[in-house]
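Per-entry structural report
What follows is the residue order along each chain.
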Amino acid sequence: MKKLFFKIFIYSILILLALEVYIRVFHLTKDYPVRYVDEFGVEKWLPNQDGFSVTGNRRQNFSEYHINNFGYNSYREYNPSKDKIEIALVGDSFIEGFHQNYYNSLGKKIEDRLEGKEVYEFGYAGYDLADQLHLISQYKEQFALIDYVILGIKFENDLTRGEYNIVQKRMVLESPLYKAIRQIKLFVYLNNIGVLDAPKGLVSKLFSNEKKETPKLTKLEEDKRRKESETKYLDNFKSLINTYGFDKTRFVFLLDSEETPEIFLNHLNENNYKYIDFSEAFKKSKKPPILIYDMHWNNNGRSIIAELIANYIKEMKSI
Amino acid sequence: MIFNSIEFFIFLLIVYFLYWFVFKKSLKTQNILILVSSYLFYGWWDWRFLSLILLSTIVDYLVAIQINGNDNQRTRKSWLWVSVIFNVGLLGFFKYYNFFVDSWVDMVSVLGYDIKSTWTLKVILPVGISFYTFQTMSYSFDVYYKKLKPTTDFLSFAAFVSFFPQLVAGPIERASNLLSQILKVRKFDYRQAVDGIKLILWGLFKKIVIADSLAPMVDDIFANYSTYPASTLILGVTLFSFQVYGDFSGYSDIAIGTAKLFGVELTSNFKFPQFSRNVAEYWQRWHVSLSTWFRHYVYIPLGGSRTSKLKSVRNIAIVFLISGFWHGANWTFIFWGAFHALAFIPVFLMGRNTIYKDSVVAENTMFPTLTEVGQVLLTFGIVTFSRIFFRSESITVAFEFINKIFTNFSYETYHHPMGYRMIDYYVLIFLFVLYEYLIRRDERSPFKFKSRIVRFIIYTIVILCLLLFYDSGFDRSFIYFQF
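Just so we're clear, the structure is a prediction, and the values are computed from it rather than from any experiment.

Side note on the overall build of chain B
If you tally the helices and strands in chain B, you get 17 helices and zero strands. Here the C-alpha atoms of chain B give a radius of gyration of 23 Å, agreeing with the 23 Å that 2.2 N^0.38 yields for 483 residues. Projected onto its principal axes, the C-alpha coordinates of chain B cover approximately 70 × 65 × 45 Å.

In structure tokens, the structure reads:
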């Protein structure tokens, strides 16, 4: 029996090491760039990092990212000036675009469609409207030189708070423990493909005090709850705009009207907020606009968005 | 609790520890542990059905003692019938009751009478009922045929009936093999334990990498068969052939491997059936424990092949029809059994049903002959075709599926329903078949290579594949649990 346990122990270690090697050699899992909060209290990526973003067990989506001097994923550096026309894209992981090679990003696609314009991408996974407006206000000198600012917004995710605070939950990921864990690629891989879900679920089941299942809501209750959160999110929106201001001549939202409640669309329309709606264009697309392995835009989706933004800019210039 | 779950892994560790460290010194307590853990294992699904196992155990335990204690042949037979009626009755009620009612209603409606059946019941099929009822019945049969003395040790007998590694989907063990081991002191054997772990690993590979990864495509093609061209339908049923093999043989390997960890040897259930050279050889390699059961307790008592050719053919047909029906209460399974009978009978009439009994393809060479390749492909084709009946929801669907293959032959590239790369799966199946061909001589040693380094590399590749094809969102239960 001792021999069996000894061999199991030795083989387990050797197998784990071999798996670590396989995962590194075949680049089966993603790299994590380092995040930080800069001197203006803006959370972003530590400048000048390179790495790969990987999705799926078998590297079904593989792309390269490059964090520029400013701390965002982009092939270009940001030097806004009065002499050029610049467009800023501000938003979450959809704008950040780790799922596509940085040299073929949404910004690059827009530039290809608008000769001589520069597109600056301020995308960061998890950014909501508070993060976006806080960033713009903290870098107001730079943003003042940018001609168009496109803010990606998803109503149900991006308006959950009415004031800006540093999201500590995200910054915990930069603790020494998390950093050390991320060095073990096998662990990262197992976690990403869901192998650890079962043991995690079991542990949380064992230690969870909640024994009762959440009661199912009736349709009436669901409607009531939805309306309440819509009202709350709209209030958050108003509060953020009050705090940071909003230049309606240069700022425009990018949204999917299918996913946006009427109450918010009405508010935007009634108060002359401009928005680019990609819902129709996505519906009309013959090819799927979303990646297979997650909900982010694929190459086709990005091309559609780029086309819409480019058309909007052209339209605005002609006015 | 399924084999490929975290719960089973923890359960196995605890039972293993108790078995070899806490209850090591007493056979009785070890058997009690097997019994308790087996009931816990089964009760994890639905504890209510434990009463069925217990009842079946009590009935056959008492029946065997009664059979053995009587010299009067008629009384012995009557007791045997008690066992058969009870066990088949259990199956009949839980598995076939609604089928018979529905079939009767359909038959009457064909004759012009429209009746609305109120007799169908909402009966839940207890997991593994077809397996453990057959196992307990085999015990009564063996005692009846005087091949075995009944045991008076009820606990050990109950442990034999419910032995958790093979309780829910076999291998269906005969008491002469399993009960005899449960009644004897088991000693820890390093070699046996290592072989067990290897079989578990290989079983998990077959289940997770082969069966589970092919399942979404098979489900998609069979669910939407009317929209797909013939080429896709052929692909679907071929993938199902690999899926069902990976699923069931994977389960059997894990069962045999787990039993080995407890010092118990179960019978082999799969011997690389995909390399069979005719349908008869296929049945010597596929679900061996069930084929053996039918041979011993149905085919031979009916006269087997030691009777006229006509009667032998009748016996073969009966065995295949019952075997089909055993798989499920649906006409599809009866057709599947009938199809196999039709494929088997010509082989039998040509006297070729036993010629490959003790050999494998390319027995003494590296590569098979062209004839062997042809035979293997033909057998695989026949068996795969039969799986259309096995997999279809109803007999109408099965015939529509076949009709579409033959009347609408066209080719179209098939795309994975979730958009995954198809090439991954084609390469996977090719390498799997190639590897199984290399190890085809010994189904119990999937990693039998002399070089330790080669073995280690294979272990790591197998584990890497488990990760590469693991799908956390997939329902991972075993196909044969429904039987």
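Some words on the nonpolar core
Residues B:Phe160, B:Leu214, B:Val218 and B:Phe344 are the most contacted members of the largest nonpolar core, which totals 120 residues. Of all the elements, helix H8 (residues 190-223) of chain B adds the most residues to this core, at 16 residues. When residues of this core are assigned to domains, at least three fall in each of domain 1 (13-186) and domain 2 (191-277 + 356-482) of chain B. Other than its neighbours up to four places away in sequence, B:Phe344 contacts B:Val279, B:Ala280, B:Trp283, B:Ile316 and B:Phe320. Counting 52 residues, the second-largest nonpolar core is a separate cluster that includes A:Leu129, A:Leu135, A:Ile150 and A:Leu254.

As for the UniProt feature "transmembrane region" (unreviewed entry) in chain B
Residue and element names in this part refer to chain B. Sequence positions flagged by UniProt for "transmembrane region" (unreviewed entry) are, in local numbering, residues 6-22, 51-67, 79-99, 119-141, 312-327, 423-440 and 452-470. For residues 6-22, helix accounts for 100% and strand for 0%, while the C-alpha atoms at its two ends are 23 Å apart. From the first C-alpha to the last, residues 79-99 spans 28 Å; its make-up is 100% helix and 0% strand.

Focus: the sheet that holds strand E6 (residues 118-123) of chain A
Residue and element names in this part refer to chain A. Taking strand neighbours across the sheet as the criterion, the five strands line up as E6-E5-E7-E8-E9 in an open arrangement whose pairing is parallel. Looking at strand neighbours, the two that pair on one side only are E6 and strand E9 (275-277), the edges of this open sheet. Averaged over all neighbouring strand pairs, the angle between strand axes comes to 20°, with direction disregarded. As defined by bridge partners, strand E5 (residues 86-91) adjoins E6 across six bridges and the pair is classed as parallel.

Things to note about the interface of chain A and chain B
Tallying the contact residues gives 19 residues for chain A and 19 residues for chain B. Of all the secondary-structure elements, those providing two or more residues to the side of chain A that touches chain B are helix H1 (2-25) and helix H10 (197-207) of chain A. Residue contributions to the side of chain A that touches chain B peak at seven residues, all from H1(A). Each residue belonging to the side of chain A that touches chain B can be placed in one class, and the counts come to 13 nonpolar, three polar and three charged.

Looking at the pairing of E5(A)
Residues and elements named next belong to chain A. Burial analysis of E5 places six of its six residues in the buried class, the great majority of the element. On E5, burial covers both faces: Glu86, Ala88 and Val90 on one face and Ile87, Leu89 and Gly91 on the other are all buried. By the bridge criterion, four bridges tie E5 to strand E7 (residues 148-152) in an arrangement that is parallel. Counted as the bridge partner of Leu89 is Ile150 from E7.

Some remarks on the packing of H8(B) against helix H17 (residues 452-468) of chain B
All names here are of chain B. Interhelical geometry of H8 versus H17 gives an angle of 30° and a closest axis separation of 9 Å. By the criterion of interaxial angle, the relationship of H8 to H17 is roughly parallel. Read as a crossing pair, H8 and H17 show a hand that is left-handed. The segment H8 lies against H17, with Leu201, Leu204, Phe205, Ile208 and Val209 engaging Val462, Cys465 and Leu466. Per-class residue counts for the contact of H8 with H17 are eight nonpolar, no polar and no charged.

Here we look at the packing of helix H13 (residues 331-349) of chain B against helix H14 (residues 370-391) of chain B
All names here are of chain B. With their axes 8 Å apart at the nearest point, H13 and H14 run at an angle of 160° to one another. Relative to H14, the element H13 lies roughly antiparallel. The interaxial crossing formed by H13 with H14 has right-handed handedness. Contacts between H13 and H14 involve Thr332, Phe333, Phe335, Trp336, Phe339, His340 and Ala343 on the former and, on the latter, Ile382, Ser386, Phe389 and Phe390. Looking at the contact of H13 with H14 residue by residue, the classes come out as eight nonpolar, three polar and no charged.

About the thresholds
- Residues numbered from 1 in each chain as written.
- Chains lettered and ligands numbered in written order.
- Predicted model: local features only at pLDDT ≥ 70, side-chain atom pairs only at ≥ 80, totals over all residues.
- Helix = DSSP H or I, 4+ residues; strand = E, 2+ residues; numbered from the N terminus.
- Rg over C-alpha atoms; globule rule 2.2 N^0.38 Å.
- Core = buried A, V, L, I, M, F, W, Y, C linked by C-beta atoms within 7 Å.
- Buried ≥ 20, exposed ≤ 12 C-beta atoms within 10 Å, placed from the backbone.
- Domains from an automatic or database assignment.
- Contact = placed C-beta atoms within 7 Å.
- UniProt positions renumbered as here; feature names shortened; annotations may be inferred.
- Pairing = 2+ DSSP bridges.
- Axes fitted to C-alpha atoms, helices over the stretch in contact; angles between N-to-C directions.
- Nonpolar A, V, L, I, M, F, W, Y, C, P; charged D, E, K, R; others polar.
- Parallel < 35°, antiparallel > 145°, perpendicular 65-115°, else oblique.
- Left-handed = near helix turned anticlockwise from the far one by under 90°.

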